Amino acid sequence: MQIKSLEIFMRVVKLGSFSEAAKVLHTVQSNVTSHIKKLETELKVELLHRQNPVQPTRAGMQLYGYAEKMLHLQKELLDTFAHHQLAANFPLEIGSMETTAAVRLPALFRDLQESTPDFPFALSTAPSRELIDLVKASKLDCAFVANHAPIEGMFNFHVWTEELVLISSKKAPPQLSKEYLLQKKFIAFKQGCSYRKAIDLFLSSWHLPAVNIIEMGSLDGIVSCVSLDVGLAILPISYVQQSHFAQRVHIHAIDLLEDMHTYLIADLDTNKWASNMHQFFEHLQMMSLPDQQSEIVRF
């Protein structure tokens, strides 16, 4: 069944004439008649009383109701994929690292909801490596991940730059030494976390061997354990400063580590994006984000 056939059928019913419908649709009457006959054959009913004016049968009236709904749905579909309206029943699936979700995204989502109150989205958190795999597998529309450079084979939009710091308990000396670092363990998320990689780079810069990592699943848990001298951690200063435990830890600058970039990543081919992803990215470009550098990279 063709949408065009339904459009022609509705036009004949509205105008009460095959010939008038043909004029309005800029086609010949035989084409109008052919589309009506195809519908009748497919549905095995008679849709119209062939009289002057043409009137719908009861079956025709029933089809007219369905045709209105189908054409309305078609218009909604076209408007959605043309990015003119939201797909309310298909929430945008966003992924994020824990730190970004805790510090950066609340303000972003507030601005998004203020500009588009009905924007549907869901957020899940995971380490960067896992988020990259989920976007590649189309399990997520997009994700906020940390890396020193754009992610190869992905659409990358540089959003924030994070300064990494080392945190210790108040018992730690103001100036860290090799001897002190050799005695301490580090606390971090599981493998795949970008900030966990920073621990290896930090130790390498001090010419120290890799250490055993105590894995924890929450940011507050990590910082709380650091405050109790269970171990050390490397995190963005933006998170540490707003943590409930900020006054219970020492913050040490790390001069030998580069800042970490946060990228919004998505499928490299934007034609594969769901419609709400286009609208989200437009909002992201327009919003005033702290430390934002508006750089799109297709790597």
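- As annotated in an unreviewed UniProt entry, the protein chain carries the name LysR family transcriptional regulator and is attributed to Acinetobacter courvalinii.

### So, the overall build of the protein chain
Move 1: Broken down by element type, the protein chain carries 12 helices and 13 strands.
Move 2: For 299 residues, the compact-globule estimate of 2.2 N^0.38 gives 19 Å, and the C-alpha radius of gyration of the protein chain, at 30 Å, exceeds that figure by more than 25%.
Move 3: The proportion of buried residues among the 299 residues of the protein chain is 47%.
Move 4: Long-range pairs, those at least 24 residues apart, make up 74% of the contacts in the protein chain with a sequence separation of at least 6.
Move 5: On the protein chain, roughly 15800 Å² of surface is accessible, and the fraction owed to carbon and sulfur atoms is 51%.
Move 6: Once the 27 positive and 32 negative side-chain charges of the protein chain are each reduced to a mean point, those two points are 7 Å apart.

### Quick notes on helix H7 (residues 128-136)
Move 1: Those residues of H7 that fall on the buried side of the exposure criterion are Ser128, Leu131, Ile132 and Val135. Summarising the axial view, the buried residues of H7 lie within an arc of 100 degrees, below the 170-degree limit, and thus occupy one face.
Move 2: Where the residues of H7 are buried, they touch strand E3 (92-96), strand E5 (142-147), helix H9 (194-205) and strand E12 (260-266).
Move 3: One or two residues past the end of H7 sits serine 138, with phi positive at roughly 65 degrees.

### As for the nonpolar core
Move 1: By size, the foremost hydrophobic cluster in this structure holds 49 residues, and its most contacted members are Leu166, Ile167, Phe186, Phe202, Ile234, Leu235 and Ile265.
Move 2: Summarising the domain contributions, this core has at least three residues from each of domain 2 (92-161 + 262-288) and domain 3 (164-253).
Move 3: When neighbours within four sequence positions are excluded, leucine 166 is seen to be in contact with Leu176, Phe186, Phe202, Leu232, Ala233, Ile234, His250, Ile251, His252 and Ile254.
Move 4: The next biggest cluster of nonpolar side chains, apart from the first, holds 22 residues, and it includes Ile94, Leu108, Val159 and Phe280.

Thresholds, definitions, all that
- Residues numbered from 1 in each chain as written.
- Predicted model: local features only at pLDDT ≥ 70, side-chain atom pairs only at ≥ 80, totals over all residues.
- Heavy atoms only, no water.
- Helix = DSSP H or I, 4+ residues; strand = E, 2+ residues; numbered from the N terminus.
- Rg over C-alpha atoms; globule rule 2.2 N^0.38 Å.
- Buried < 20%, exposed > 50% of the residue type's maximum accessible area, 1.4 Å probe, protein only.
- Contact = heavy atoms within 4.5 Å.
- Areas by Shrake-Rupley, 256 points an atom, 1.4 Å probe, with all protein chains shown as cover.
- Lys, Arg positive; Asp, Glu negative; His and termini not counted.
- Charge placed at Lys NZ, Arg CZ, Asp CG, Glu CD.
- Arc of directions from axis to C-beta.
- Core = buried A, V, L, I, M, F, W, Y, C linked by side-chain atoms within 4.5 Å.
- Domains from an automatic or database assignment.

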